[in-house]
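Coordinates in review
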Amino acid sequence: MPDSNQNQSDILILAEKLIQALDTDSQLSDKEEAALTRLEFVIESKLFLQDSRESPDEFLLERFQDRLVEFEQEHPSLAGLVRRISNSLSNMGV
């Protein structure tokens, strides 16, 4: 059975091939988009499990920071409000 480094290398090669194929064919059908979405979910799940096993604390902090950045980009006014509330509570000693 191949080791983890070989698996990662194979995945990177396949991902690069997929990116090249997508770059040459910019029109995807709904079925192809759904398949890519499922593929993304599977890959993220596998990476999540691997990262969480190797360094759980670091991984959770990194995921939290990524989600926070996404939230701020998707909801800038709400994120600003939450930040102001948090700062006010902090200034009050809470």
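Here, the structure is the one placed above.
Please read these numbers as outputs of a predicted model, since none were measured by experiment.

Turning to a nonpolar patch on the surface, a few remarks are in order. A contiguous nonpolar patch, built from Phe71, Leu78, Leu81, Val82, Ile85, Leu89, Met92 and Val94 and spanning about 740 Å² of accessible area, is present on the exposed surface. If you tally residues by element for the nonpolar patch, the top one is helix H4 (residues 76–91), at five residues. Locating Val82 in the fold gives a position in helix H4.

Counted according to the given criterion, the structure contains two salt bridges. The residue Glu70 makes a salt bridge to Arg67 at a minimum N-O spacing of 3.3 Å. Of this pair, Glu70 and Arg67 both sit in helix H3 (residues 56–74), three residues apart, which is roughly one turn of that helix. Residue Glu70 is classed as partly exposed on the basis of its relative accessible area, which comes to 34%. Look at Arg67 and you get partly exposed, because its relative accessible area is 39%.

With respect to the helices and strands, the residue Glu62 is situated in helix H3. Residue classification places Glu62 among the partly exposed positions, given a relative accessible area of 41%. Along the chain, Glu62 and Glu33 lie 29 residues apart, while their C-alpha atoms are 28 Å from each other.

Right, let's talk about the environment of Leu49 for a bit. Among the structural elements, Leu49 can be located in helix H2 (residues 30–54). Sequence separation between Leu49 and Phe59 is ten residues, and the spatial gap between their C-alpha atoms is 9.9 Å.

Before going further, it helps to spend a moment on the packing of H3 against H4. Two elements in contact, H3 and H4, have axes whose closest approach is 5 Å; the angle formed by their N-to-C orientations is 120 degrees. With respect to H4, the element H3 is oriented oblique. Judged by residue contacts, Phe71, Glu72, Gln73 and Glu74 of H3 engage Pro76, Leu78, Ala79 and Arg83 from H4. Of the residues that constitute the contact of H3 with H4, the class distribution is four nonpolar, one polar and three charged.

Criteria and thresholds
Residues numbered from 1 in each chain as written. Predicted model: local features only at pLDDT ≥ 70, side-chain atom pairs only at ≥ 80, totals over all residues. Heavy atoms only, no water. Patch = residues over 30% accessible without salt bridge, like charges linked within 9 Å, V, L, I, M, F, W, Y side chains within 5 Å. Areas by Shrake-Rupley, 256 points an atom, 1.4 Å probe, with all protein chains shown as cover. Salt bridge = Lys/Arg side-chain N within 4 Å of Asp/Glu carboxyl O. Helix = DSSP H or I, 4+ residues; strand = E, 2+ residues; numbered from the N terminus. Buried < 20%, exposed > 50% of the residue type's maximum accessible area, 1.4 Å probe, protein only. Axes fitted to C-alpha atoms, helices over the stretch in contact; angles between N-to-C directions. Parallel < 35°, antiparallel > 145°, perpendicular 65-115°, else oblique. Contact = heavy atoms within 4.5 Å. Nonpolar A, V, L, I, M, F, W, Y, C, P; charged D, E, K, R; others polar.

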